Amino acid sequence: MSTSREKKGAVFLLIILLILLVATVVIALSLRTNPVAEKLEEDQMIRLLLVMHDGNGNALSTDAFVYYPPMQRGALFDIPGNTGGIYESIDRTDRIDAVYTERGVSVYKREIEKLTDMEIPFTLEISLADLAPLTDLLGGMKVFVPSPVDSVGPNGERWLLPSGAVNLDGDKIQTYMQYMLPYEEDDDKEERQQNVVIALLGALKENSALIFNKKNFPYYGKAFKANVDGDGLYRLLELISNVDSERLSPVRVTGNINVVGGKRLLFPYYGGDLIRDMVKRAVNMLVSGDTIMHGRVYAIEILNGTTVQGLARNTSALLRPVGYDVLQTGNAPRNDIEHTLIINHIGNAEVAKSLGDFIHCYNIEDEEVRPESAGMDSAEVDMTLVLGRDFDGRFVRGGYGKKDRETTPPATKKDEVR
């Protein structure tokens, strides 16, 4: 009799334990937050690292992507694989993509956070093998091929692509990512890979109604590997699919090429300060809603008013990555100009100020606005930048900074440099 009671008691305790266990799981699930939603509560900016790889641990393209949902605008920062540096995670000077190959995406993300001086909470990876079926599910990807491609790869594979603005299927998009013609540079191939990133974001937006149907999403989502779970991945992709991809123009890390250990490494200008400045500037523009530099590309000429050889040419390398079209560089009529000057030819004070803010130059003068019917030719520019002795190659240093905007500009006038 007592044995029967003991059995009933044990069963009763077991049932209570099961109820408590189920209740604990239910409570835990109800308290669990979506990491993407949680991050948005702290900061409305989405920052993620997007890596396309070959499936064998080698990064093909790497982008730090910043997206501001309220404005549906983003910024894309292209990190070339040969970006050189002393990387603590692998304890040597090497290419940055060596970190991805040897240590994986989470460590790779930390090195890119150091390079850009920006926290990057999320990662997305997609392999070349997964890109093909995803492309087919999306109905193809739209890219521009300047001339027909008919060539043979190093392993005997045939590369065939039509020319023009084309919609490529999965197999063709793999070819587009990989082909390399004999006369091309690595930059040409990397530019195509960036085009695929932009095309992918555009295709996500175009097919969003289909993709983000809960029943359909698993078929699309499985192409991506992320550092968030299924619900987090759904929310992350749903958010970034709203970006205005047509306005995305990748900003690329620029620098000097040096050979280290037999490898051609790209060492960022100014010890990486330039790319960090560009990231900070782009993020601030997204948050502020500044549309000055989003409307169109502004053309400038750069004149060297100093005795420093190559200063105008080097400054063009500084300005092109942040969206300016440097039509020409040359020497000013004089080489003893003290103060750097921006001559605004189009009467748009905000555009000139934006350029001035980037190089810390507030010596800005307006020229008479040209009429629209004047028949401007390609040689004409929106702004002329005259470099003076106070320009150190990155910033205008010395006495004419933000505090002096309301004071009389230095003696350098446009008629003195023409």
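Refer to the structure above for everything that follows.
This structure is a prediction, so every number in the text was calculated from the model and none was measured. (Residues numbered from 1 in each chain as written. Predicted model: local features only at pLDDT ≥ 70, side-chain atom pairs only at ≥ 80, totals over all residues. Heavy atoms only, no water.)

**With respect to the nonpolar core**
Thinking step 1. Counting 55 residues, the largest nonpolar core has F77, Y108, L319 and M383 as its most contacted members.
Thinking step 2. No other element matches the seven residues that helix α11 (residues 273-288) contributes to this core.
Thinking step 3. If we ignore the near neighbours within four places in the chain, the residues touching Y108 are L49, V51, A59, T62, I96, D97, V99 and Y100.
Thinking step 4. Core analysis: the next-biggest nonpolar cluster, separate from the first, contains 50 residues, L128, F212, V243 and L248 among them. (Core = buried A, V, L, I, M, F, W, Y, C linked by side-chain atoms within 4.5 Å. Buried < 20%, exposed > 50% of the residue type's maximum accessible area, 1.4 Å probe, protein only. Helix = DSSP H or I, 4+ residues; strand = E, 2+ residues; numbered from the N terminus. Contact = heavy atoms within 4.5 Å.)

**Notes on a nonpolar patch on the surface**
Thinking step 1. Residues F12, L13, I16, L17 and L20 make up a contiguous nonpolar surface patch of about 510 Å² in total accessible area.
Thinking step 2. Examined against the element boundaries, I16 turns out to sit in helix α1 (residues 2-31).
Thinking step 3. With a relative accessible area of 32%, I16 lands in the partly exposed category. (Patch = residues over 30% accessible without salt bridge, like charges linked within 9 Å, V, L, I, M, F, W, Y side chains within 5 Å. Areas by Shrake-Rupley, 256 points an atom, 1.4 Å probe, with all protein chains shown as cover. Salt bridge = Lys/Arg side-chain N within 4 Å of Asp/Glu carboxyl O.)

**Examining the sheet that holds strand β19 (residues 383-387)**
Thinking step 1. Taken together, the five strands give an open sheet; going across it, the order is β16-β15-β19-β17-β18, and neighbouring strands pair in mixed fashion. The open sheet has two free edges, formed respectively by β16 (325-331) and β18 (364-366), since each of these has just one partner strand. Taking the axes of each pair of neighbouring strands and ignoring which way they run, one obtains an average angle of 20° across the sheet.
Thinking step 2. In terms of strand pairing, strand β15 (residues 299-304) meets β19 through five bridges, oriented parallel. (Pairing = 2+ DSSP bridges. Axes fitted to C-alpha atoms, helices over the stretch in contact; angles between N-to-C directions.)

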